[in-house]
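Close look at the chain arrangement
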Amino acid sequence: MDKFSQVFNEVALADVHELAAARAADGWRYVQILAVNTEDGVDLVYSYMKEGLLENDTVKAVGADDVVPSITDLFLEAFVCENEIHDLYGVDIENIAIDFGGMFYQLAEKAPMTVVSPEQLAAREKAKKIAAAKAAKEAAAKAPATENAAPAAPAAGPTEEEIQAKIAGLDPEKAAKVRAAMEAKAKKAAAAAQASEAATPEVPAQVGPTEEEIQAKIAGLDPEKAAKVRAALEAKAKKAQKTEGKGE
């Protein structure tokens, strides 16, 4: 028995006729054109055989607006598949050598092989949701654990001892330059702090009303209320004097 093998190649729609011509010139035998309805369109699989090798050239997702070139000028027997694909799948194939004009089949519904039943649609939607959930779960599992962890606190700067230890490891000339730069930086920071303190205005203590202002306000009251206010002021003054006397 001769050994049989097959391969699948993905090709562009524009290359269909050119590839068929190359197959015909090289002695390949036409086998069939297979149509498969998918969510993205109709896949067309052109199969050719030579010396036990079956080559399948696949055109992905042919849409309703795409025009497919006929290969019947190279392989006349392909007219059967091309008329069938036109009638059952609604694929526009031009220049078919024997064209039935959409009457190859007597159909009650146009392109019946592309009709999706409610059950099929529900199954597809369910499959999409399951696939999306699975992909999200796999992505979460692959994500580094540190992504969900609280951000680490920034590392503290080196201590004075660590700085001096590093300087001690330098050559004397470079160490002197580093120390000079550090002293200059410290002096600059101290000067900035002093300038900031000097620029801050002092808040003046709140000054109460003068004796003249108080007496002027009392004078504006009716005699009875003015007498009460003066009595209260005198009592407050006497209490303050007694407190001061005790403090001394």
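Residues numbered from 1 in each chain as written. Predicted model: local features only at pLDDT ≥ 70, side-chain atom pairs only at ≥ 80, totals over all residues. Heavy atoms only, no water.

1. Re the overall build of the chain
Counting its secondary structure elements, the chain contains 7 helices and 6 strands. When its helices and strands are written in sequence order, the chain yields β-α-β-β-β-β-α-β-α-α-α-α-α. The proportion of buried residues among the 248 residues of the chain is 19%. Partitioning the contacts of the chain with sequence separation of at least 6, the portion at a separation of at least 24 is 48%. When the accessible area of the chain is evaluated, it comes to approximately 18,600 Å², of which 58% is carbon and sulfur surface. (Helix = DSSP H or I, 4+ residues; strand = E, 2+ residues; numbered from the N terminus. Buried < 20%, exposed > 50% of the residue type's maximum accessible area, 1.4 Å probe, protein only. Contact = heavy atoms within 4.5 Å. Areas by Shrake-Rupley, 256 points an atom, 1.4 Å probe, with all protein chains shown as cover.)

2. Observations concerning the side chain of Thr 72
Within the element layout of this structure, Thr 72 appears in the loop between strand 5 (67-69) and helix 2 (79-89). At 2.7 Å, the side chain of Thr 72 forms a polar contact with the side chain of Ser 70. In this structure Thr 72 touches Ala 78, Phe 79, Glu 82, Asn 95, Ile 96 and Ala 97, once residues within four positions along its chain are discounted. (Polar contact = N/O pair within 3.5 Å; in protein donor to acceptor, adjacent residues only side chain to side chain.)

3. Considering the pairing of strand 3 (residues 41-50)
Both faces of the sheet carry side chains from a regular strand, because those side chains alternate between them. Judged by how many residues are buried, strand 3 sits mostly within the fold: 8 of 10 residues are covered. As defined by bridge partners, strand 2 (residues 29-38) adjoins strand 3 across 9 bridges and the pair is classed as antiparallel. Considered in strand 3, the bridge of Val 36 is made with Asp 43. Linkage of strand 2 to strand 3, two consecutive antiparallel strands, is achieved through a turn of 2 residues. Both strand 3 and strand 4 (residues 53-62) contribute to a ladder of 8 bridges, which runs antiparallel. Bridge pairing links Tyr 48 to Glu 55 in strand 4. From the end of strand 3 to the start of strand 4, which pair antiparallel, there are 2 residues, and Glu 51 there has a positive phi angle of about 50 degrees. (Pairing = 2+ DSSP bridges.)

4. As for the pairing of strand 4
By the criterion of burial, strand 4 is predominantly enclosed, with 7 of the 10 residues buried. Two strands pair when backbone bridges link them, and strand 1 (residues 5-11) and strand 4 are joined in this way by 7 bridges, in the parallel orientation. Note on strand 4: the bridge partner recorded for Ser 5 is Leu 53.

5. Looking at the nonpolar core
One finds Leu 44, Tyr 46, Ile 71 and Val 91 to be the most contacted residues of the largest nonpolar core, which totals 25 residues. Of all elements in the fold, only helix 1 (16-25), strand 2, strand 3, strand 4 and helix 2 reach the threshold of two or more residues within this core. Looking at which element gives the most residues to this core, the answer is helix 2, with 5 residues. Setting aside residues no more than four positions away along its own chain, Tyr 46 makes contact with Val 16, Gln 32, Ile 33, Glu 55, Asn 56, Asp 57, Val 59, Val 68, Pro 69 and Ile 71. (Core = buried A, V, L, I, M, F, W, Y, C linked by side-chain atoms within 4.5 Å.)

6. A short note on the packing of aromatic side chains
Across all of its chains, the model carries 5 aromatic pairs by this definition. Ring geometry for Tyr 30 versus Tyr 48: centroids 6.5 Å apart, planes at 70 degrees, classification edge-to-face. Placement of the pair is Tyr 30 in strand 2 and Tyr 48 in strand 3, with a sequence separation of 18 residues. Given a relative accessible area of 7%, Tyr 30 falls into the buried group. Taken together, a centroid distance of 5.6 Å and an interplanar angle of 50 degrees make the contact between Tyr 48 and Phe 75 tilted. (Phe/Tyr/Trp six-rings, centres within 6.5 Å; stacked < 30°, edge-to-face > 60°.)

7. Overview of the pattern of salt bridges
Considering all chains together, one arrives at 4 salt bridges under this definition. Close ionic contact of Asp 57 with Arg 23 constitutes a salt bridge, the shortest N to O distance being 3.1 Å. Linking Asp 57 in strand 4 with Arg 23 in helix 1, this pair joins segments that are 34 residues apart in sequence. Here Asp 57 and Arg 23 have matching classes, each one buried. (Salt bridge = Lys/Arg side-chain N within 4 Å of Asp/Glu carboxyl O.)

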